[in-house]
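Summary of structural features
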Amino acid sequence: MKPPQTGTGINNRQPIPGDTTGNNDNTVADDDAEDENTTTNKNISNEEQQLINLINESRKQNGLKALTADNQLSEVARIKSKDMIDNNYFSHNSPTYGNPFDMLKNFGIQYLSAAENIAGNNSVQEAHEALMNSPGHRKNILNPELTHVGVGIQKGSKYGYMFTELFIKK
C-alpha cells in the first residue's frame, strides 16, 4: 500500500454563466448547523458524514460557520473519487471529466465560487488531518466565503480510500 497522499487543493472564484442564485432542491437546510457543527443527510454515507463533521468542527474552531451538506455535490465527489480509482490517476484534472470546475458545470452544479480537495488515505480521520496540514487544502476547508460541501469516499485505491471534497459558494 502506498503512503497517504493529498493533492495541492484547487479553487476557482470565477462565476459560471447562468443563474447562480437558484435554490438547490437537494441541499440540506443549515438551520442548526452552527450549534451542531454539521448537517446530517440520509443520502450521505456514515464515513462521508464523519468527514463533513470533521470539516465543520475545524471551521468552528476557527470561528467560521458550518458548511451545508449538499447531495448533488456529494454525488459528483463520489464520481470523481471512483474515476480516480478506475482510471488509476491522482489529480484535480480528470481524463474523463476535465478540471473540477468543468465537471461541476457538466453535472449541473451552479456556483459563485468553488474548490476541490483530494486525498488518498486509510481513514477519514487521517485524511482530514493530512488535508488540514496542507496549506492549500486547509485554505479551502477554512474559506469563509464557501457555503456548501460535498464529500465522496470510495474504497479501492492504492491508498486504501480515495477522498474528494467539493466546496461551493451559492
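As the structure is a prediction and not an experimental result, all values here were calculated from the model.

What counts, and at which threshold
By convention here, each chain's residues receive numbers from 1 onward along its written sequence. In view of the model being predicted, local features appear only for residues whose pLDDT reaches at least 70, and side-chain atom pairs are presented and counted only at 80 or more, with totals across whole chains, interfaces and linings using the full set of residues. Note: side-chain values were computed over all heavy atoms of the structure, leaving out hydrogens and water. Criterion for a salt bridge: a side-chain nitrogen of Lys or Arg within 4 Å of a carboxyl oxygen of Asp or Glu. Per the convention used, a helix needs a DSSP run of H or I reaching at least four residues, while a strand needs a run of E reaching at least two, with both numbered from the N terminus. The buried label goes to any residue with under 20% of its type's maximum accessible area, the exposed label to any with over 50%, and the partly exposed label to all in between, with areas taken from a 1.4 Å probe on protein chains only. Classification of ring pairs uses Phe, Tyr and Trp, with its six-membered ring standing for Trp, and accepts pairs whose centres are within 6.5 Å; under 30 degrees between planes counts as stacked, over 60 as edge-to-face, and the remaining range as tilted. Relevant arc is that of directions from the helix axis to the C-beta atoms, nothing else. As used in this record, nonpolar core signifies buried Ala, Val, Leu, Ile, Met, Phe, Trp, Tyr and Cys residues forming a set joined through side-chain atoms within 4.5 Å. Whether two residues touch is decided by their heavy atoms; if any such pair falls within 4.5 Å, the residues are in contact. Note on scores: pLDDT gives the predictor's confidence for each residue, bounded by 0 and 100. Axis angles are defined between N-to-C directions and span 0 to 180 degrees, where every axis is a line fitted to C-alpha atoms and, for a helix, only to the segment in contact. For any pair of crossing helices, the crossing counts as left-handed if the nearer helix is rotated counterclockwise from the farther one by less than a right angle, and right-handed if it is rotated clockwise. Residues are sorted three ways: Asp, Glu, Lys and Arg are charged, Ala, Val, Leu, Ile, Met, Phe, Trp, Tyr, Cys and Pro are nonpolar, and all the rest, Gly among them, are polar. Under the convention used throughout, the expected extent of a helix is 1.5 Å for every residue step, that is, one less than its residue count.

1. Side note on the pattern of salt bridges
In total, this model carries five salt bridges according to the counting rule given. The shortest N-O distance in the salt bridge between glutamate 116 and lysine 80 comes to 3.1 Å. Separated by 36 residues along the polypeptide, glutamate 116 in strand β4 (residues 113-121) and lysine 80 in helix α3 (residues 71-86) bring together distant segments of the chain. Side by side, glutamate 116 and lysine 80 carry an identical accessibility label, which is buried.

2. Some points on the packing of aromatic side chains
The final tally for this structure, using the stated rule, is three aromatic pairs. Here the aromatic rings of phenylalanine 90 and tyrosine 159 are separated by 5.8 Å at their centres, their planes lie at 65°, and the arrangement is edge-to-face. Placement of the pair is phenylalanine 90 in the loop between α3 and α4 (100-106) and tyrosine 159 in the loop between β5 (148-155) and β6 (161-169), with a sequence separation of 69 residues. Tyrosine 159 carries the same exposure label as phenylalanine 90, and that label is buried. Plain terms: the ring middles of tyrosine 97 and phenylalanine 107 are 5.7 Å apart, the flat faces sit at 55° to each other, and that makes the pair tilted. Taken as a pair, tyrosine 97 in the loop between α3 and α4 and phenylalanine 107 in the loop between α4 and β4 lie far apart in primary sequence, 10 residues in all.

3. Quick look at helix α5 (residues 124-132)
Among all positions in α5, only Val124, Ala127, His128, Leu131 and Met132 are buried. Angular distribution of buried residues about the axis of α5 spans 130°; they occupy a single face of the element.

4. Overview of the nonpolar core
Among the nonpolar cores identified, the biggest contains 21 residues, and Leu51, Ile55, Ile141, Val149, Val151, Phe163 and Phe167 are the most heavily contacted of them. Of all elements in the fold, only α2 (46-61), β4, α5, β5 and β6 reach the threshold of two or more residues within this core. Residues contacting valine 151, with those up to four places away along its chain left out, are Glu48, Leu51, Ile52, Ile55, Ser74, Ala77, Thr164 and Glu165. One finds Met103, Tyr111, Ala114 and Ile168 within the second-largest nonpolar core, a separate group that totals 11 residues.

5. Quick notes on unusual backbone geometry
Of note in this structure, asparagine 88 is not a glycine but carries a positive phi near 50°. Summarising the element assignment, asparagine 88 is placed in the loop between α3 and α4.

6. Points about the confidence of the model for the protein
Low pLDDT marks stretches whose predicted atomic positions should not be read closely. Averaged over all residues, the pLDDT of the protein is 83; the fraction at 70 or higher stands at 75%. Within the model, the stretch residues 13-40 combines pLDDT values under 50 with 57 contacts to residues more than four positions away or in other chains.

7. Concerning the packing of α2 against α5
Where α2 meets α5, the closest approach of the two axes is 10 Å, and the angle between their N-to-C directions is 35°. Crossing hand, α2 versus α5: right-handed. Contacts between α2 and α5 pair Glu47, Gln50, Leu51, Leu54, Ile55 and Ser58 from the former with Val124, Gln125, His128 and Met132 from the latter. Classifying every residue of the contact of α2 with α5 gives five nonpolar, four polar and one charged.

8. Overview of α2
Between its terminal C-alpha atoms α2 stretches 22 Å, which fits the 22 Å expected from 16 residues at 1.5 Å a residue. By the burial criterion, the buried members of α2 are Glu48, Gln49, Leu51, Ile52, Leu54, Ile55, Asn56, Ser58 and Arg59. Against the buried residues of α2 lie β3 (68-69), α3, α5, α6 (135-141), β5 and β6. Just downstream of α2 lies glycine 63, where phi reads positive at about 75°.

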